[in-house]
Amino acid sequence: MKILVCISSVPDTTSKINFTADKSAFDKNGIQWVINPLDEFALTKAIKLQESQGATVTVVNVGDAGTEAVIRKALAIGANDAIRVNTEAKDSFSVAKEIARVAQDGGYELVLMGKESIDYNGGAVPGMVAQLLNFPFVNAAVGLDVNGSEATAVREIEGGKETISVKLPAVVAGQKGLVDEKDLIIPNMRGIMSARTKALQVVEPSNTEVKVEAVSFDSVAPRAAVKLVSAGNLDELVRLLHEEAKVI
Amino acid sequence: MAVFVYAENINGIYKKAAFEAVSYAKAIAAKTGDSVTAISINPTDSSDLLYKYGADKVINVKDEGLKNFSSKAYAQAVNEVFDGNVIVFPHTTDASSVAPMLAIQKNYSLITNAIDVPESTSPFQVKRRAFSGKGFMHAKADAAGVIVTVSQNAYGVKENAASGSEEVKELSITNEDTKVINHEQSSGKLDLKEAEVVVSAGRGMKGPENWGMIEDLANVLGAATACSKPVSDIGWRPHTEHVGQTGKAISPNLYVAVGISGAIQHLAGVNSSKTIVVINNDAEAPFFKSADYGVVGDAFQIIPALTEKIKALKGA
Ligand SMILES: Cc1cc2nc3c(=O)[nH]c(=O)nc-3n(C[C@H](O)[C@H](O)[C@H](O)COP(=O)(O)OP(=O)(O)OC[C@H]3O[C@@H](n4cnc5c(N)ncnc54)[C@H](O)[C@@H]3O)c2cc1C
Ligand SMILES: Nc1ncnc2c1ncn2[C@@H]1O[C@H](COP(=O)(O)O)[C@@H](O)[C@H]1O
């Protein structure tokens, strides 16, 4: 089985997010880049299928050369090879178009992604890719098993979960729970060494037009200073919440 | 031309997210001088519930083939009845899976996680969540039509009664790709993303056996419960309760954080809560810097006492 795992390169979760002085762009100064944490669940799941079913795992990223360190990390985690579509990701639609093209050309049976990237919070690329390929789509997956030409997926729903069988090829977008946190793979020396020699193919983009433009960005306004109430005076806290904040 | 809205129902029943999406669609329609048309798939609830928030028309899609959810089949169904150039979806799990597929089918722009009414409707431009709560983006749609998903609890539910009318549309869409094997859903539990009040606890609670007091406080407040990431990682609480940058992002009116230090990843998911209360025995806990109200002290003492006091207030 051929699995394609789509990874986006995002600012490390500890990053403070700043914007350029004219607020037109994210300020990348001093940012450490990591594999989108939700994509790490997807990648780990793919590696498990590689181990249990002899699947081959290709990772794909749509990004400029700056994302290669993050792609190498995915290779060190255990992906067989990688593809980078050489263009800066501009919006969900153009990224989805590139991924769909790679998926189509490679004849993958399973396209695994994260449910959402933690930078632009689109939650859009997986569904778009599924529709472009006319594949079934399972979102918010917290469980996945493959048996032949079918997969069994567990997806989170409001107030519960649902187990479904899906005909392959399919697109599955995962989140926390898809694999256990403790099973996330930290690359070891051997992995890191072998990642250097694994194939990382760079393909040129099709230059699709974007459909959404980021006009400007705002930072989060800071809160006013905290009002501390003493532990012995909880009546005051209740009063403040009731009369001042009017939330209880 | 009407502003459309996807009124999501769960097992036929409309939830708050549907009313919020209709309220939001109404706000757009008020700007453009249009009417609001809601689309719902196999609802059992009355359309009156949607008229109350401004739906002028409700199209009820009836299709046995859509009894079970499938993103693709639902996107197809919406596509069959949606003939405008703006449609609003709530950013719930299911609806947010349908919207991107519809965007491709329609060749429209998709803007997700909108948190306010659009700044402009032509071109469509709106403020949206970005960087997991660490920033905002003003996004502009470039295509002829736009699909917008609204972040839950961001705009709110606003009554604005319309004298609506209903149309039933029979469809027969086949869903051959996915089959439901098992469906587990508890109806009684408050949905974390919809909740107006959330009581959340962290590693400071020491162990899962101590969550009773958290649930008691949540009960008197009519709140949903949440937790920090490590708490769900070690299995004290289910993953569905994990809030933060890598869990759920929420924006309740009141967020009560008990025994949570306030790491940047946690804050990202909760800092759009309107009011934040922090209870922590360490006065230096970073969370106090991002709180509106704080109590420095032992949660094991404070929480039961606070619960009694709120009970007294509510009983009064
Ligand atoms: C990639 C990545 C992603 C992450 N994503 C998330 C995320 O989405 N959400 C998230 O929450 N975290 C996330 N984290 C983890 C985050 O960095 C913190 O480790 C985590 O939030 C800490 O959880 P905590 O506050 O429950 O525990 P701790 O940091 O251990 O804090 C416990 C707090 O309880 C207080 N306390 C102890 N005893 C008492 C008592 N008796 N009464 C009152 N207070 C008491 C302590 O003073 C302390 O402040 C992420 C980390 C990484 C690396
Ligand atoms: N530039 C990218 N390259 C490869 N995969 C991506 C890219 N952007 C998004 N994805 C995938 O799509 C998922 C959802 O991203 P988004 O729709 O941007 O929130 C991510 O978790 C990735 O799996």
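Calculation criteria
- Residues numbered from 1 in each chain as written.
- Chains lettered and ligands numbered in written order.
- Predicted model: local features only at pLDDT ≥ 70, side-chain atom pairs only at ≥ 80, totals over all residues.
- Heavy atoms only, no water.
- Salt bridge = Lys/Arg side-chain N within 4 Å of Asp/Glu carboxyl O.
- Helix = DSSP H or I, 4+ residues; strand = E, 2+ residues; numbered from the N terminus.
- Near = heavy atom within 4 Å.
- Polar contact = N/O pair within 3.5 Å; in protein donor to acceptor, adjacent residues only side chain to side chain.
- Areas by Shrake-Rupley, 256 points an atom, 1.4 Å probe, with all protein chains shown as cover.
- Domains from an automatic or database assignment.
- Contact = heavy atoms within 4.5 Å.
- Buried area = accessible area lost by both parts, 1.4 Å probe.
- Nonpolar A, V, L, I, M, F, W, Y, C, P; charged D, E, K, R; others polar.
- Phe/Tyr/Trp six-rings, centres within 6.5 Å; stacked < 30°, edge-to-face > 60°.
- Lys NZ or Arg CZ within 6 Å of the ring centre and 35° of its normal.
- Buried < 20%, exposed > 50% of the residue type's maximum accessible area, 1.4 Å probe, protein only.
- Pairing = 2+ DSSP bridges.
- UniProt positions renumbered as here; feature names shortened; annotations may be inferred.
- Axes fitted to C-alpha atoms, helices over the stretch in contact; angles between N-to-C directions.
- Parallel < 35°, antiparallel > 145°, perpendicular 65-115°, else oblique.
- Left-handed = near helix turned anticlockwise from the far one by under 90°.

In the nomenclature of an unreviewed UniProt entry, chain B is known as Electron transfer flavoprotein subunit alpha of Epilithonimonas lactis.

Named according to an unreviewed UniProt entry, chain A is Electron transfer flavoprotein subunit beta originating from Epilithonimonas lactis.

(A) Inspection of the pattern of salt bridges at higher detail. Throughout the structure, instances matching the rule amount to 28 salt bridges over all chains. Across the pair R239 of chain A and E236 of chain A runs a salt bridge, and its minimum N-O distance is 3.1 Å. Of this pair, R239 of chain A and E236 of chain A both sit in helix α6 (residues 234-244), separated by three residues, roughly a single helical turn. K229 of chain B serves as the salt-bridge partner of D233 of chain B, at 3.1 Å between the closest nitrogen and oxygen. Taken together, the residues D233 of chain B and K229 of chain B, both in helix α6 (residues 229-233) and four residues apart, mark about one turn of the helix.

(B) Structural context of the site of ligand 2. Residues and elements named next belong to chain A. With respect to spatial proximity, 20 residues lie near ligand 2, and among them C6, D39, S117, G123 and A124 are the closest. Interatomic distance of 2.4 Å between a side-chain N/O atom of D39 and an oxygen atom of ligand 2. S117 is positioned such that a nitrogen or oxygen atom in its backbone is 2.8 Å from an oxygen atom of ligand 2. The protein chains hide 95% of the 470 Å² of surface that ligand 2 would expose on its own.

(C) Representation of the domain arrangement of chain B within the structure. Residues and elements named next belong to chain B. Its domain assignment divides chain B into domain 1 (2-170) and domain 2 (197-314). Between domain 1 and domain 2, the C-alpha centre-to-centre distance is 32 Å. Listed per partner, the contact involves seven residues of domain 1 and nine residues of domain 2. Summing both sides of the interface, domain 1 and domain 2 together bury roughly 580 Å²; the carbon and sulfur share of this comes to 40%. In this assembly, domain 1 and domain 2 are joined by zero salt bridges. Applying the counting criterion to the domain 1 and domain 2 interface returns four residue pairs in polar contact (both at pLDDT 80 or more). Grouping the constituent residues of the side of domain 1 that touches domain 2 by class yields one nonpolar, four polar and two charged.

(D) Structural context of the packing of aromatic side chains. A complete count under the given rule lists 15 aromatic pairs over all chains for this structure. Centroid distance Y120 of chain A to F217 of chain A: 6.3 Å. Interplanar angle 55 degrees. Geometry classified as tilted. Remark: F217 of chain A occurs in strand β12 (residues 212-219) and Y120 of chain A occurs in the loop between β6 (110-114) and α4 (125-133); sequence separation between them is 97 residues. Taken together, the ring pairs connect F19, F26, W33, Y120 and F217 of chain A together with F131 of chain B into an aromatic cluster. The lysine or arginine in question, K127 of chain B, covers the ring of F136 of chain B, its NZ or CZ lying 4.5 Å from the ring centre.

(E) Structural view of the pairing of strand β7 (residues 137-147) of chain A. Residue and element names in this part refer to chain A. Within β7, eight of the 11 residues are buried, which leaves it mostly tucked inside the rest of the structure. Two strands pair when backbone bridges link them, and β7 and strand β10 (residues 170-174) are joined in this way by three bridges, in the parallel orientation. When the sheet's bridge partners are listed, A141 is paired in β10 with G174. What sits between the antiparallel neighbours β7 and strand β8 (residues 150-157) is a turn of two residues, in which G148 has the positive phi angle 65 degrees.

(F) Highlighting the interface of chain B and chain A. Every contact between the two is made by 89 residues of chain B and, on the other side, 78 residues of chain A. Three residues, I104, F131 and Y293 of chain B, lead the burial of chain B against chain A; their summed loss comes to 12% of the area buried on that side. For the interface between chain B and chain A, the tally reads nine salt bridges. Between R129 of chain B and E116 of chain A there is a salt bridge; the shortest N-O distance is 3.7 Å.

(G) Here's a closer look at the UniProt feature "binding site: FAD" (unreviewed entry) in chain B. All names here are of chain B. The UniProt entry lists R203, G259, I260, S261, G262, A263, I264, Q265, H266 and N280 under the feature "binding site: FAD" (unreviewed entry), expressed in the numbering used here. Tracing the backbone shows G262 in the loop between β16 (254-258) and α7 (264-270). Owing to a relative accessible area of 5%, G262 belongs among the buried residues under this scheme. Setting aside chain neighbours within four positions, we find G262 in contact with L267, P286 and F287.

(H) Just the side chain of K16 of chain B, in detail. Residue and element names in this part refer to chain B. With respect to the helices and strands, the residue K16 is situated in helix α1 (residues 16-32). By relative accessible area, which is 19% here, K16 ends up buried. Within the structure, K16 has its side chain in polar contact with the side chain of N153 (distance 2.7 Å). Ignoring anything within four residues of it in the chain, the contact list for K16 reads N153, V157, E194 and E196.

(I) Inspection of the site of ligand 1 at higher detail. Around ligand 1 lies a shell of 27 residues, among which S228, S261, Q265, H266 and N280 of chain B are the nearest. Mapping the residues adjacent to ligand 1 onto the chains of the assembly identifies chains A and B. Take H266 of chain B: an N or O atom from its side chain is 2.7 Å from an oxygen atom of ligand 1. In the model, a nitrogen atom of ligand 1 is placed 2.8 Å from a nitrogen or oxygen of the D298 of chain B side chain. Among the elements of the structure, α6, α7 and α8 (299-315) of chain B are those that each provide at least two residues to the shell around ligand 1. Grouping the constituent residues of the shell around ligand 1 by class yields six nonpolar, 16 polar and five charged.

(J) Molecular detail of the packing of helix α2 (residues 68-77) of chain A against helix α5 (residues 189-197) of chain A. Residues and elements named next belong to chain A. Running from amino to carboxyl end, α2 crosses α5 at an angle of 120 degrees, the nearest separation of the two axes being 7 Å. When the axes of α2 and α5 are compared, the pair comes out oblique. The crossing of α2 and α5 is right-handed. Taking contact as the criterion, the partners of R72, L75 and A76 in α2 are, on α5, G191, I192, A195 and R196. In terms of residue class, the contact of α2 with α5 is made up of four nonpolar, one polar and two charged.

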